[in-house]
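What the coordinates show
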Amino acid sequence: MQKPISPAMHGALDYATSAAVAVAPHVLDFPTPATRLFSSLAGSYTALSSVTDYPASLARVVPFRAHGAAEIAIGLALPFLPRALGFERHRAARNACYTLAAVTFVVAALTRWDDRRERQLD
């Protein structure tokens, strides 16, 4: 089965995710620790995306597969962060972490990580 998410599409999804993660704490009234976490995630997602080897970046410094490994590491940590940071009782913030982890794994599973041709279009 051909995976449907190209490197270019993955980049677009990364920037859209960064924007959603930045806005979520304000729209859903997260407590301060969750707001800080989501602000940090939005900044780090944007920074990583801007230097990843795919068409949506500013500088192609980070290999696309390394970008994917970083996303998986973040995805693995996300379900544990509400408890670790003390906002596990705030339903919206907790569920946002769980949802972001799930989306991360689904996108990773559907991404064509070895598609060098598409990364070199720009």
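Everything in this summary refers to the structure shown in the same document. Here the residue numbering is sequential within each chain, running from 1 through the sequence in written order. Whole-chain, interface and lining totals are the exception, using all residues; otherwise, since this is a predicted model, local features are given only for residues with pLDDT of at least 70 and side-chain atom pairs are given and counted only at 80 or more. Calculation of side-chain values draws on the structure's entire complement of heavy atoms; hydrogens and water are dropped beforehand.

**Section: the packing of helix α3 (residues 64-77) against helix α5 (residues 91-110)**
Heads up, the rule is: For helices, the fitted line uses only the C-alpha atoms of the stretch in contact; every axis is such a line through C-alpha atoms, and the angle between N-to-C directions lies from 0 to 180 degrees. Put simply, DSSP marks the helices as runs of H or I at least four residues long and the strands as runs of E at least two long, and each gets a number from the N terminus on. The cut-offs work like this: below 35 degrees is roughly parallel, past 145 is roughly antiparallel, 65 to 115 is roughly perpendicular, and the gaps in between are oblique. Left-handed describes a crossing whose near helix is turned anticlockwise from the far helix through less than a right angle; right-handed describes the clockwise counterpart. The contact definition used throughout considers only heavy atoms, calling two residues in contact when any of these lie within 4.5 Å. We call Asp, Glu, Lys and Arg charged. Ala, Val, Leu, Ile, Met, Phe, Trp, Tyr, Cys and Pro are nonpolar, and the rest, Gly among them, are polar.
Orientation of α3 relative to α5, taken along the N-to-C sense of each, is 150°, at an axis distance of 8 Å. Judged on the interaxial angle alone, α5 and α3 are roughly antiparallel. As α3 packs across α5, the resulting crossing turns out to be left-handed. Contacts from Glu 71, Ile 72, Gly 75 and Leu 76 of α3 reach α5 at Ala 101, Thr 104, Phe 105 and Ala 108. Looking at the contact of α3 with α5 residue by residue, the class counts come to 5 nonpolar, 2 polar and 1 charged.

**What to know about the packing of aromatic side chains**
What describes a pair of aromatic rings is the distance from one ring centre to the other and the angle between the planes of the rings. Convention followed: We call Phe, Tyr and Trp rings a pair once their centres come within 6.5 Å, taking the six-membered ring for Trp, and we label the pair stacked below 30 degrees between planes, edge-to-face above 60, and tilted otherwise. Each residue is assigned to one of three classes by its accessible area relative to the maximum for its type, calculated with a 1.4 Å probe on protein chains only: buried under 20%, partly exposed between the two thresholds, exposed over 50%.
Applying the stated rule across the entire model yields 3 aromatic pairs. For the pair Phe 30 and Phe 38, a centre-to-centre distance of 5.1 Å together with 80° between the ring planes defines the contact as edge-to-face. When sorted by exposure, Phe 30 lands in the same class as Phe 38, which is buried. Ring centres of Tyr 54 and Phe 64 lie 5.7 Å apart, and the angle between their planes is 65°; on these two criteria the pair is classed as edge-to-face. Placement of Tyr 54 in the loop between α2 (32-50) and α3 and of Phe 64 in helix α3 is noted, with a sequence separation of 10 residues between them. Exposure remark for Phe 64: the relative accessible area of 2% places this residue in the buried category. Put simply, the rings of Tyr 54, Phe 64 and Trp 113 touch in pairs and so form one group of aromatic residues.

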